[in-house]
Amino acid sequence: RKVARNGRREEKGGRGGDSAVSTATARAIPTLVELVKNGTNGAKEAAAGALGNLANEDDNQASIAAAGAIPPLVELARIGTDDAREAAAGALANLANDDDNKVSIAAAG
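**A short note on the overall build of the protein**
Consideration 1: On a plain count of helices and strands, the protein comes out with six helices and two strands.
Consideration 2: Its helices and strands in sequence order give the protein the pattern β-β-α-α-α-α-α-α, from N to C terminus.
Consideration 3: The buried share of the protein, taken over its 109 residues, is 30%.
Consideration 4: At a minimum sequence separation of 6, the contacts of the protein that also span at least 24 residues come to 49%.
Consideration 5: Element-wise, carbon and sulfur atoms account for 47% of the exposed surface of the protein, whose accessible area totals about 6,700 Å².

Shown next, in the form of structure tokens:
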């Protein structure tokens, strides 16, 4: 066993950092949603891209939807700059891998 930076013991080859990454992701999602809603054009695009990247992980999809990301992403896909629309569409495509999110996307769009 070795002691990870967070002070917890982990087995060799373990994934002790997953909890810290999950916590950081959970904290980042509401901020990213807020940027999609109220950021500058560039911030909206970057936040939508980041949410799309996070939505590649099945474990993040429900958290992103629960943070209220779907309605502002749908709006951004409609009225954002070309690059922001593309980023929002990518995020929505990734979120649509979850059946509940498909319903939410359809309801918002």
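**Topic: the packing of helix α4 (residues 70-79) against helix α6 (residues 99-108)**
Consideration 1: Two numbers describe how α4 lies on α6: the axes approach to 9 Å, and their chain directions differ by 50 degrees. In this view, α4 runs oblique relative to α6, as classed from their interaxial angle. α6 is crossed by α4, and the crossing has right-handed handedness. For the pair α4 and α6, the contacting residues are I70, P71, V74 and R78 in the first and N101, S104, I105 and A108 in the second.
Consideration 2: Of the residues that constitute the contact of α4 with α6, the class distribution is five nonpolar, two polar and one charged.

**Overview of the pattern of salt bridges**
Consideration 1: With the rule as written, the count across this model stands at two salt bridges.
Consideration 2: Close ionic contact of D82 with R85 constitutes a salt bridge, the shortest N to O distance being 2.5 Å. With D82 and R85 both in helix α5 (residues 82-95), this residue pair falls three residues apart, about one helical turn.
Consideration 3: Judged by relative accessible area, R85 falls into the partly exposed class, the value being 31%.

**Focus: helix α3 (residues 58-66)**
Consideration 1: Those residues of α3 that fall on the buried side of the exposure criterion are N60, Q61 and I64. Each buried residue of α3 sits inside an arc of 115 degrees when the element is viewed along its axis, so together they form one side. Counted as exposed and oriented over 90 degrees from the buried face of α3: D58, D59 and A66.
Consideration 2: Just beyond α3, the residue with positive phi is G68, at close to 85 degrees.

Reading the values: the criteria
Residues numbered from 1 in each chain as written. Predicted model: local features only at pLDDT ≥ 70, side-chain atom pairs only at ≥ 80, totals over all residues. Heavy atoms only, no water. Helix = DSSP H or I, 4+ residues; strand = E, 2+ residues; numbered from the N terminus. Buried < 20%, exposed > 50% of the residue type's maximum accessible area, 1.4 Å probe, protein only. Contact = heavy atoms within 4.5 Å. Areas by Shrake-Rupley, 256 points an atom, 1.4 Å probe, with all protein chains shown as cover. Axes fitted to C-alpha atoms, helices over the stretch in contact; angles between N-to-C directions. Parallel < 35°, antiparallel > 145°, perpendicular 65-115°, else oblique. Left-handed = near helix turned anticlockwise from the far one by under 90°. Nonpolar A, V, L, I, M, F, W, Y, C, P; charged D, E, K, R; others polar. Salt bridge = Lys/Arg side-chain N within 4 Å of Asp/Glu carboxyl O. Arc of directions from axis to C-beta.

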